[in-house]
Amino acid sequence: MADMREPIESGCPDPWQYMHPLMRKNFGQWKYHEHPRPGVLLHVAYSGDKIWTIKAGTQRILDVFTLRKLCDIGDQFAEGYVHFTLRSNIEYMVTDEAKVQPLIDALEGAGFVVGGTQNSVAMISHTQGWLHCDIPGTDASGVVKSMMDELIDEFRNATMPNRVHITTSCCQINCGGQGDIAINIQHTKPPKINHDLVANVCERPSVVARCPVAAIRPAMVNGKPSLEVDERKCICCGACYPPCPPMQINDAEHSKLAIWVGGNHSNARGKPTFQKLVAAGIPNNPPRWPEATAIVKRILKAYKEGARDWERVNEWIERIGWPRFFEEVELPFTKYHIDTWRGARASFNSSSYIRF
Ligand code: SF4
Ligand code: SF4
């Protein structure tokens, strides 16, 4: 009998081999860190070792030429070790303070922006949009590019009350979309079914099971097995579209953007907080998305002017109250802000205005 072959290990590679040797040496033995200037962190170990981290923003979807340029800068001006953060920033580590400014000059000279540390607006995290996914209703990368063009000074400087995480998500249900400010797709009409294709393309039981409100039923249409949607129940979430592309929900006119605020992951000091919808029905307007960007800028301006030092967006809103938040950011309160889903009795209290 033939020998069984070893499984091919295709998971995340061992990170130790890529880590700066001084970081390996002092792993778990850091005494404190400082923020000498925006875009630079200094970590000091109990051993007395020091390491400076210089952070620059990138566009996440990097071509090979840009990657080579970034690596060449790392070889020439840093110490040959880099690290990509979750928010698509590249970080260079150096053990000599004298290398910090020449490295910043090299990065800025090549067109990269140094920043994104401490109380800045971090690089917007985003999902892939048109590039590789099969269900996006917008191009999240494009929203990020046009928004960061306008917010770049808030990335370059650290003048916000606290750190601001902005995220985008190009469908309504899957990756991304949880942050201090989140720009997410919002579908506003039920899916339109192409009955000729359903029988050939879709596993009907799995599509029926996908619907969170049981709005989909099997049906015979024109003599062919298909599906039907009870539009009074449908909450236009788009969950049926990934397993069944003939249930088309994306639409140039009816797929809008919505803005949510106040989301924060749990950490050592606090529980997670859940974001709430504050602006709905915003035009999904490529290539620059000016309407969504204008609202994000209004929220950031009000937060910058009104929050106390080190208050995150959700803490600031909790302190001033939701009615005042809507006044400060000049957003209308509409029917979309009220959770009217009949299965949501337990979550009515998460509506911004309705409390009982
Ligand atoms: S957010 Fe949705 S559309 Fe965008 S990459 Fe993730 S699954 Fe795909
Ligand atoms: S859009 Fe969502 S709620 Fe509507 S039918 Fe599809 S899965 Fe169900």
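You'll find the structure just up there.
Residues numbered from 1 in each chain as written. Chains lettered and ligands numbered in written order. Predicted model: local features only at pLDDT ≥ 70, side-chain atom pairs only at ≥ 80, totals over all residues. Heavy atoms only, no water.

**A few points about the pairing of strand 1 (residues 30-37)**
Both strand 1 and strand 2 (residues 40-45) contribute to a ladder of 5 bridges, which runs antiparallel. Across the sheet, Arg 37 pairs through a bridge with Val 40, a residue of strand 2. Taking the residues between adjacent antiparallel strands as the criterion, strand 1 and strand 2 are bridged by 2 residues, where Gly 39 takes a positive phi near 90°. (Pairing = 2+ DSSP bridges. Helix = DSSP H or I, 4+ residues; strand = E, 2+ residues; numbered from the N terminus.)

**A closer look at the site of ligand 2**
Surveying the vicinity of ligand 2 reveals 14 residues, the closest of which are Cys 211, Cys 234, Cys 237, Gly 238 and Cys 240. When its residues are assigned to classes, the shell around ligand 2 shows 13 nonpolar, 1 polar and no charged. (Near = heavy atom within 4 Å. Nonpolar A, V, L, I, M, F, W, Y, C, P; charged D, E, K, R; others polar.)

**A look at the packing of aromatic side chains**
The way to describe two aromatic rings as a pair is by their centre distance and the angle between their planes. Tallied over the full model, the rule gives 7 aromatic pairs. Seen in terms of ring centroids, Trp 322 and Phe 326 are 6.5 Å apart; in terms of plane orientation they differ by 45°. Their pairing is tilted. Here Trp 322 pairs with Phe 326, and both are found in helix 9 (residues 322-328), just 4 residues apart, close to one helical turn. When its relative accessible area of 4% is taken as the criterion, Phe 326 is described as buried. (Phe/Tyr/Trp six-rings, centres within 6.5 Å; stacked < 30°, edge-to-face > 60°. Buried < 20%, exposed > 50% of the residue type's maximum accessible area, 1.4 Å probe, protein only.)

**Considering a nonpolar patch on the surface**
Taken together, the side chains of Leu 67, Val 82 and Phe 84 make up a nonpolar region of the molecular surface, amounting to roughly 200 Å² of accessible area. Structurally, Phe 84 is set in strand 4 (residues 82-84). (Patch = residues over 30% accessible without salt bridge, like charges linked within 9 Å, V, L, I, M, F, W, Y side chains within 5 Å. Areas by Shrake-Rupley, 256 points an atom, 1.4 Å probe, with all protein chains shown as cover. Salt bridge = Lys/Arg side-chain N within 4 Å of Asp/Glu carboxyl O.)

**Details of the packing of helix 7 (residues 290-306) against helix 8 (residues 313-320)**
The interhelical angle for the contact between helix 7 and helix 8, taken along N-to-C directions, is 70°, at an axis separation of 11 Å. For the element pair helix 7 / helix 8, the angle class is roughly perpendicular. On the side of helix 7, the interface is formed by Ile 299, Ala 302, Tyr 303 and Gly 306, while helix 8 contributes Val 313, Trp 316 and Arg 319. Of the residues belonging to the contact of helix 7 with helix 8, the class tally is 5 nonpolar, 1 polar and 1 charged. (Axes fitted to C-alpha atoms, helices over the stretch in contact; angles between N-to-C directions. Parallel < 35°, antiparallel > 145°, perpendicular 65-115°, else oblique. Contact = heavy atoms within 4.5 Å.)

**A word on the side chain of Asn 314**
Assignment of secondary structure puts Asn 314 in helix 8. A relative accessible area of 12% means that Asn 314 is categorised as buried. Among the polar contacts made by the side chain of Asn 314, one reaches the side chain of Thr 273 at a distance of 3.4 Å. Setting aside its immediate chain neighbours within four residues, Asn 314 contacts Gly 262, Asn 264 and Thr 273. (Polar contact = N/O pair within 3.5 Å; in protein donor to acceptor, adjacent residues only side chain to side chain.)

**Examining the pairing of strand 13 (residues 276-282)**
Within strand 13, 5 of the 7 residues are buried, leaving the element largely enclosed by the surrounding structure. For strand 12 (residues 255-261) and strand 13, the ladder comprises 4 bridges, and the chain directions are antiparallel. From the neighbouring strand, Val 261 faces strand 13, where its bridge partner is Lys 276.

**Here's the deal with the nonpolar core**
Formed by 40 residues in total, the largest nonpolar core has its most connected members in Ile 166, Ile 259 and Phe 325. Of all the secondary-structure elements, those providing two or more residues to this core are helix 4 (140-156), strand 7 (181-187), strand 12, strand 13, helix 7, helix 8 and helix 9. Of the residues forming this core, the biggest block, 7 residues, is contributed by helix 7. Residue contacts for Ile 259: discarding those within four places in its chain leaves Ile 181, Ala 182, Ile 183, Lys 276, Leu 277, Val 278, Ala 279, Ile 282, Ala 292, Ile 295, Val 296 and Ile 299. In terms of nonpolar packing, the next biggest core, distinct from the first, is built from 20 residues, Val 40, Leu 62, Leu 103 and Leu 107 among them. (Core = buried A, V, L, I, M, F, W, Y, C linked by side-chain atoms within 4.5 Å.)

Spatial relationships are all this shows, so hold off on functional conclusions.
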